[in-house]
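Chain by chain, the residues:
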Amino acid sequence: MSTDYDPETIELAAQKHWDDARSFEVSEDAGKDKFYCLTMFPYPSGKLHMGHVRVFTINDVIARYHRLQGKHVLQPMGWDAFGMPAENAAIQRGIPPAKWTYSNIEDMRRQLKRLGYAYDWTREVTTCRPEYYRWEQWLFTRMFRKGLVYRKNSIVNWDPVDQTVLANEQVIDGRGWRSDAIVERREIPQWFMKITDYAEELLNELDRMPGWPDSVKTMQRNWIGRSEGVELSFDVAGETEPLTVYTTRPDTLMGVTYMAVAAEHPLASKAAANDAKVAAFVEACKKTDAQEATLETMEKKGMPLGISAIHPLTGEEVPLWVANFVLMSYGTGAVMAVPGHDARDWEFAKKHGLPIKQVVAPADGSEIDINAAVYLDRGVLVNSGDYDGMDFDGAFNAIADHFEKSGRGRRKVNYRLRDWGISRQRYWGTPIPIIYCDDCGAVTVPEDQLPVILPEDVQVKGTGSPLKDMPEFVDVPCPKCSKPARRETDTFDTFVESSWYFARYACPDNDTAMLDDRAAYWTPVDQYTGGIEHAILHLLYSRFFQRVMRDEGLTDVSEPFTNLLTQGMVLKDGAKMSKAKGNTVDPQELILKFGADTVRLFMMFAAPPEQSLEWSDEGVQGSFRFLKRFWSTVVDHAAGGPVESLDMSVLNDAQKDLRRKTHQTIAKISDDIGRRHSFNTAVAASMELLNAINKLVDDSLAGRAVQRESLEAVVIMLSPIVPHICHALWQQLGHTSALIDQRWPVVDESALEIDRIEMVVQVNGKLRGRLLVAVDAPKQVIEDLAIADENVQRFIDGKNIRKVIVVPGRLVNIVV
RNA sequence: GCCGGGAUGGCGGAACUGGUAGACGCGCCGGACUCAAAAUCCGGUUUUGGAAACAAAGUGGGGGUUCGAUUCCCCCUCCCGGCACCA
């Protein structure tokens, strides 16, 4: 009596069981081995997309696997609810961002529940709720007190038509997305967090994070970009202030033939005042957006300022230029140019006919033509007066000493990392808890007046924040002197919310403290899963925030995420799924047609988690077909009734083979899921085992017992991936206790034993034959057998055997 | 431009530490069942030659190390992610 596989019925039944039993709600239990398993929380954009399904399924598989291992597992879910799309929706459809966001959350929560993820929903966190963001406002005021936040001018994309600041994403080919106007750079005052104070620690700790992928650690190292160099100053003719520059190549100092400053540099402004051409150039430089990729790929342009700098060693005059590739916000806004030994300087010198001087020669004494090609390697100094003949280190130290003695420079460690600008000129975000008073300046909102609540009933028009037009929000007394003052209308970068939510899941209901001892129990996150696109910004900001919370005494933990898994994107027809490209697949429709288990199975089977996944409708069919076969195999077997307990001494060869395959598969899947996170090969191994079970046609007591052992193992091992069908099949197999409370199967080493093994015979590395030999056969016997092989003889006949390589248990290679 | 990844049959992928290239699945071809179709089941499937045994070629391109390279090294091409205000 084989009932058909009916995904909807069995999935809803399994979900009801988990709900009724509150299977995934966890409390803090010091006696248990905790495992905190987390995904990057979603932005509530409206509907779940395949990228969500992929990352959540990966994490759910890991969470369920660890639960079966006996761990006390926390897997929470929440919403990264502030952000631009809510404002865009408000502009387009006239719905307030809050209403749009909360309704999206409702829809997406329902979809997540239908996919059967093992979440503790009692801990749900929503970042646009005051009970969440009040603590981030509170921490900001503590950071303000410590001097970890400050205000300075910085550059934004300015749309001169819409009169508004644009996000990088809203700049398309240098133009505003709505106005189509050419975007300009504009400086405005903004709040910054001093992440650079933690640069050294953030960098050094990467060496002690074995649970993170090397690629992510390398990207973070390069992003922080620690360099050792020298800061030195050039006098400028006719100026009292010297021009300070930083270089990692002081050994090339004698090769400086010009210098360059940014368009916003005071010396450029000064020259522009006297020279209309320079003024026009400086203006033109500002007519570009503020993205680094734009600056690095655009044509390098410059113009002489008619001002000279004085070379600090030779006293010679070098011309000062203004150049579009020098940025005011990087370093000092000025660079020394060594065209002989810097690629960008070399190209710029070639283009503008500036002199190129060789001051470093190859250490091996070979000749180079500096006018034909730039020389970047470290070598031996030439044309450098007293420094001639020195190597890189010798010259670095001699020149650094010279400047330190004369007080005109110093050795300096520099970081590429810049402080984190957190001000956004947008409405839908956490209000920055600052009040501006004419007398007291910028004052933080006192703790007893927090949270500063964002008004939710607003009209968003798309030209600046609606908060500016709300006197009831803006007009407040100064907390210090009580005089009339103005509230800050900028909001936090949404990365601030996502930099600490992982800790708040431990204690989302605490209204007297940001974190408590429940956070001490659960943090750090043991397994964190999310997109590779977050490899730098989100993960670095979170590492920074964790340390800020530590230094505030809120936690002892320094690193928030012990193990990191970065998953690839979901593609269709080779491109990322997106509405714009029209290549999306709606998870909802698939769940309706095939059930959640089929969708989960395909996601795990189609590609390893780190790689991008190519969507295939046929592949989904295949996954569904497998589940149907899985269902009927177990149901048909269970129809034969209960089985006797297994007596291993009476097994025949075929039964032994299946039992060996079963335990080999248990070992493989345990390793694939537990260590390698190689879910696709775990699924493949389950399929192989199921094929082997179906091949053993054997109704004897022993045969059924071996099959039963094998089927129970597959049902448990597949349950992290396809939990609903496994829940139902476990009941079919006659169990009264729920599968979710079982333990992972254990390998029986005795089942793995073998006495003979197949070895490959190669001649000159090419496969020529196979041998079946005893496991413990001595080397000489294997060698003789290999040489005696009929096909092998054809290839070694009449030739000289130079060497025979025996790799135990694998192969023999005969070199002739 | 800079930083990080990737490229293997018709397709998704496997080969974990330098040791049998193509596991598992999809698709396709053939067969069984059926009046027929779908579903299901069985067999085949890298390419070329061959009835087969077997042989030759083969992991983006070029070079190198090695008895042996998808795997290590050098150079190149293309694709993807990030580049600080998308999240």
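Residues numbered from 1 in each chain as written. Chains lettered and ligands numbered in written order. Predicted model: local features only at pLDDT ≥ 70, side-chain atom pairs only at ≥ 80, totals over all residues. Heavy atoms only, no water.

### Here we look at the overall build of chain A
When its secondary structure is counted, chain A shows 25 helices and 34 strands. For the C-alpha atoms alone, the extent of chain A along its principal axes is close to 105 × 85 × 50 Å. Each of the 816 residues in chain A was classed as buried or not, and the buried ones make up 54%. By sequence separation, contacts in chain A at least 24 residues apart represent 72% of the contacts at least 6 residues apart. Counting only carbon and sulfur atoms, one obtains 49% of the accessible surface of chain A, whose full area is about 36,800 Å². One way to put it: in chain A the 94 positive side-chain charges average out to a point 1 Å from where the 116 negative ones average out. (Helix = DSSP H or I, 4+ residues; strand = E, 2+ residues; numbered from the N terminus. Buried < 20%, exposed > 50% of the residue type's maximum accessible area, 1.4 Å probe, protein only. Contact = heavy atoms within 4.5 Å. Areas by Shrake-Rupley, 256 points an atom, 1.4 Å probe, with all protein chains shown as cover. Lys, Arg positive; Asp, Glu negative; His and termini not counted. Charge placed at Lys NZ, Arg CZ, Asp CG, Glu CD.)

### Examining the protein's contact with RNA strand B
Taken together, 71 residues sit near RNA strand B, with Asn168, Arg426, Ala606, Arg770 and Asn813 positioned nearest. For RNA strand B, the backbone portion of the atoms within 4 Å of the protein, that is sugar and phosphate, comes to 63%. The side chain of Gln190 places a nitrogen or oxygen atom 3.0 Å from a base nitrogen of RNA strand B. Top element by residues in the surface near RNA strand B is helix 21 (residues 679-695). It accounts for six residues. Looking at the surface near RNA strand B residue by residue, the classes come out as 24 nonpolar, 22 polar and 25 charged. (Near = heavy atom within 4 Å. Polar contact = N/O pair within 3.5 Å; in protein donor to acceptor, adjacent residues only side chain to side chain. Nonpolar A, V, L, I, M, F, W, Y, C, P; charged D, E, K, R; others polar.)

### Considering the sheet that holds strand 1 (residues 34-39)
If you walk across this open sheet you meet the four strands as 2-1-26-27, and the pairing is parallel. On the outer flanks of this sheet lie strand 2 (72-74) and strand 27 (561-567), each paired with one strand and no other. Geometrically, the sheet is characterised by an average inter-axis angle of 20 degrees between neighbouring strands, direction not taken into account. By the bridge criterion, six bridges tie strand 26 (residues 525-531) to strand 27 in an arrangement that is parallel. Bridge pairing in strand 27 places Gln527 opposite Asn563. (Pairing = 2+ DSSP bridges. Axes fitted to C-alpha atoms, helices over the stretch in contact; angles between N-to-C directions.)

### Here's the deal with the packing of helix 22 (residues 701-718) against helix 23 (residues 723-732)
For the pair helix 22 and helix 23, the least separation of the axes is 8 Å and the interaxial angle reads 150 degrees. The orientation of helix 22 relative to helix 23 falls into the category roughly antiparallel. With respect to the hand of their crossing, helix 22 and helix 23 are arranged in left-handed fashion. When helix 22 is examined against helix 23, the residues Glu712, Val715, Ile716 and Leu718 are found in contact with a partner set consisting of Cys726, Leu729 and Trp730. (Parallel < 35°, antiparallel > 145°, perpendicular 65-115°, else oblique. Left-handed = near helix turned anticlockwise from the far one by under 90°.)

### Notes on the sheet that holds strand 33 (residues 803-807)
Backbone hydrogen bonds hold the strands of a sheet together, and the pairing may be parallel or antiparallel. On the basis of which strands lie adjacent, the open sheet formed by four strands has the order 32-31-34-33 and mixed pairing. The sheet terminates laterally at strand 32 (766-774) and strand 33, the two strands that pair on one side only. The mean angle between the axes of side-by-side strands here comes to 20 degrees, regardless of whether they run parallel or antiparallel. Taken together, the five bridges between strand 33 and strand 34 (residues 811-815) define a ladder with antiparallel strand orientation. The partner of Lys803 across the bridge, within strand 34, is Val815.

### Digging into unusual backbone geometry
Residue Pro451 follows Leu450 across a cis peptide bond; omega there is 0 degrees. Residues Thr523 and Pro524 are joined by a peptide bond in cis, for which omega reads 0 degrees. Looking at the element boundaries, Pro524 is found in the loop between helix 15 (517-522) and strand 26.

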